[in-house]
Amino acid sequence: MKLSGAEIVVECLKKEDVKVVFGIPGGAIMPVYDYIYSKAPFRNILTRHEQGAIHAADGYARVTGNVGVCIVTSGPGATNLVTGLANAHLDSVPLVAFTGQAPTGLIGTDAFQEVDIAGITIPITKNNYVVMDIKDLSSTIKEAFYIARTGRPGPVLVDLPKDIQLAHSDFEYPEKDKFLGYRPSIKGNLKQIKSAAIEINKARRPVIYAGGGVISSNASSEMRDLVLKANIPVTTTLMGLGTFPETHPLSLGMLGMHGTPYANYAISAADLIIALGVRFDDRVTGKLAEFGSQAKVIHIDIDPAEIGKNVLVDIPIVGDLKKVLQELNEHISEKREAEWLKTIENWKRKHPLKYNNNKELKPQYIIEKIYEITKGEAIIVTSVGQHQMWAAQYYQYTQPRTFISSGGLGTMGYGLPAAIGTKIGCPDKTVICISGDGSFQMNLQELATAINNHLAIIVVIMNNGYLGMVRQWQELFFNKRYASTSLAGSPDFTKLTEVYGGIGIRVTKKEDFYSAFKKALSLNTFVLIDCIIPQEENVLPMVTPGAAITKMIGVD
Ligand SMILES: Cc1ncc(C[n+]2csc(CCOP(=O)(O)OP(=O)(O)O)c2C)c(N)n1
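Residues numbered from 1 in each chain as written. Predicted model: local features only at pLDDT ≥ 70, side-chain atom pairs only at ≥ 80, totals over all residues. Heavy atoms only, no water.

1. What about a nonpolar patch on the surface?
A cluster of nonpolar residues, Ile107, Val130 and Met132, forms a patch on the protein surface that exposes about 230 Å² of accessible area. Assignment of secondary structure puts Val130 in strand 6 (residues 127-130). The class of Val130 is partly exposed, set by a relative accessible area of 33%. (Patch = residues over 30% accessible without salt bridge, like charges linked within 9 Å, V, L, I, M, F, W, Y side chains within 5 Å. Areas by Shrake-Rupley, 256 points an atom, 1.4 Å probe, with all protein chains shown as cover. Salt bridge = Lys/Arg side-chain N within 4 Å of Asp/Glu carboxyl O. Helix = DSSP H or I, 4+ residues; strand = E, 2+ residues; numbered from the N terminus. Buried < 20%, exposed > 50% of the residue type's maximum accessible area, 1.4 Å probe, protein only.)

If you want it as structure tokens, here you go:
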């Protein structure tokens, strides 16, 4: 039986076991939406902006490990995905984004709502396609999902001209999972793995530097085996939070610009850095020449392009971390470098993360209380800015996929829509969105999506009346010239939430936060807590941009 292109799209999504799609319809994608309306067995979440749709799909993908899907129209619908695609690309999040397109015969004529979205998104997608023949439709979708989820995951875009959606063809979903020119290396080179094991076994001051790749590869338990067998201290990137329990004595917390002093000291003094699924991002390394300058480097990553990109590596291993670590662990001896661990203990004792916990309602205190009340079992979703860093520093992550945040792109406005996708992916989990007052205003239209879908998300706004992170840089490096960072005149976010049908609570005093948060939890509905925090609180420690990471402001 012949199916229309629109039906084929939906049938393919069924074959991929898609449970939910996020998006907004429009002229060029109406056939697909029409078929979703009558026949799709999956949930369709209408967001209020396409950027909201793609961040929601992204949050859903990060928290479930499945491919997130969004479907939007051509032209402005498609261009509204650009930030979300770049966001997913930089953080290696598996997404498939479908965009409507002008009919094939009109492509290139500046037809109504025609943009070359495939051209625009080449550098920010793992791959993209314009389907020009209905016969290619199902195999293209198969390939898109396969490429999004395998190897180093990433976003893939499939552009669907309207006449292709309306044309008819036989439907068969291809079984094949081999595609010309695409063959990620899964198994690491055994010789290299053995060399890595020798280095680990003889290292006196080893440190594991773990990133988002550990989460993508579901390799946390293999990493834990390595850590516990050889008693190696672990520091993580922002993206790697939760890969190793931060409550464990071998955890050093996060490293880098706003990392813990002891993580930055340890990696700088290490004689061996075992880099797992990381990018040596500049926010982590600080001055590159001085990063881990005393150490040999083992770098394991599935993407060969990452190896040697920023630092010279002594032992590169290309492969899937889970598989490589399984193999590596077999060659590791049990050991404990007592002197090294003692040095680290001393750094931890001497330089803990600290803030002036006075009578004011401090953001660090808020995060500590959220951790205490949720017993560390919530999923924390953030936007971008100071609040993101406080959420990274003062909540202790013990499980992978419990800290959902925009790392590489640093996208303000990511939090609320990503929390929507997170809650849909994990309906039984407590989902807390930590946002700044600036970030919140970058996608607050998604209040309607969250509230109309009865999503019990708690949004905690760290309301400092500023674009706080930029204000902090202005204070420290621009002589307190607060150019265009005051957000004075923002609306009352609690009232705004109530207008949308949710519950708003305002907290101005330290002593009121605990009961407000407890109340929000007990209500089991959408609640926004607007916390009025000191306007000029800073995120510390802070590595001066461009300096070595041992040079931290706020550490004596
Ligand atoms: C879309 C976008 N625009 C601009 C920036 C630059 N930027 C980084 S942090 C920040 C301020 C964030 O303010 P807010 O959300 O209120 O959080 P706070 O730092 O106050 O916690 C800005 C403007 C960005 N990261 N993303």
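2. Thoughts on the packing of helix 1 (residues 5-15) against helix 7 (residues 137-149)
Two elements in contact, helix 1 and helix 7, have axes separated by 10 Å at closest approach and are oriented at 35°. With respect to the hand of their crossing, helix 1 and helix 7 are arranged in right-handed fashion. Judged by residue contacts, Gly5, Ile8, Val9, Cys12 and Leu13 of helix 1 engage Leu137, Ser138, Ile141 and Phe145 from helix 7. In terms of residue class, the contact of helix 1 with helix 7 is made up of 7 nonpolar, 2 polar and no charged. (Axes fitted to C-alpha atoms, helices over the stretch in contact; angles between N-to-C directions. Left-handed = near helix turned anticlockwise from the far one by under 90°. Contact = heavy atoms within 4.5 Å. Nonpolar A, V, L, I, M, F, W, Y, C, P; charged D, E, K, R; others polar.)

3. A closer look at the site of the ligand
For the ligand, the set of nearby residues contains 17 residues, the closest of which are Gln386, Gly410, Gly438, Ser439 and Gly468. Between the ligand and the protein, one listed contact pairs a nitrogen atom with a backbone N or O atom of Met412 at 3.3 Å. Contact between the ligand and Met469: an oxygen atom at 2.8 Å from a main-chain N or O atom of the residue. Within the complex, 76% of the 590 Å² of free accessible area of the ligand lies under protein. Elements with a minimum of two residues in the shell around the ligand: helix 17 (386-394), helix 19 (437-440) and helix 21 (468-477). A class-by-class count of the residues in the shell around the ligand yields 7 nonpolar, 9 polar and 1 charged. (Near = heavy atom within 4 Å. Polar contact = N/O pair within 3.5 Å; in protein donor to acceptor, adjacent residues only side chain to side chain.)

4. Concerning the sheet that holds strand 11 (residues 251-254)
Here we have 6 strands laid out as an open sheet, ordered 11-10-9-12-13-14, and parallel in their pairing. Only two strands of the sheet have a single neighbouring strand rather than two, namely strand 11 and strand 14 (315-318). Mean inter-strand twist for the sheet, computed between neighbouring axes without regard to direction, equals 15°. Looking at chain direction, strand 10 (residues 234-236) and strand 11 are connected through 2 bridges and run parallel. Paired with Val234 across the strands is Ser251, a residue of strand 11. Along the sheet face, helix 14 (residues 321-329) touches strand 12 (272-276), strand 13 (296-301) and strand 14 and points at about 130° away from the line of strand 13. (Pairing = 2+ DSSP bridges.)

5. Focus on helix 22 (residues 493-500)
Listing the buried residues of helix 22 in full gives Phe493, Thr494 and Thr497. Projected down its long axis, helix 22 shows its buried positions confined to an angular sector of 105°, all on one face. Residues of helix 22 that are exposed and angled more than 90 degrees away from the buried face: Lys495 and Val499. Against the buried residues of helix 22 lie helix 19, helix 20 (447-452), strand 18 (457-463), strand 19 (503-507) and strand 20 (527-532). Downstream of helix 22 by one or two residues, Gly501 has phi in the positive range, about 105°. (Arc of directions from axis to C-beta.)

6. Remarks on the packing of helix 9 (residues 190-202) against helix 14
Each pair of packed helices can be described by the angle between their axes along with the distance between the axes. In contact at an axis separation of 9 Å, helix 9 and helix 14 are set at 55° when each is read in the N-to-C sense. Put simply, helix 9 runs oblique to helix 14. Where helix 9 crosses over helix 14, the two elements pack in a sense that is right-handed. Residues Leu190, Ile193, Ala196, Ala197 and Ile200 of helix 9 pack against Val324, Glu327 and Leu328 of helix 14. Looking at the contact of helix 9 with helix 14, its residues break down into 7 nonpolar, no polar and 1 charged. (Parallel < 35°, antiparallel > 145°, perpendicular 65-115°, else oblique.)

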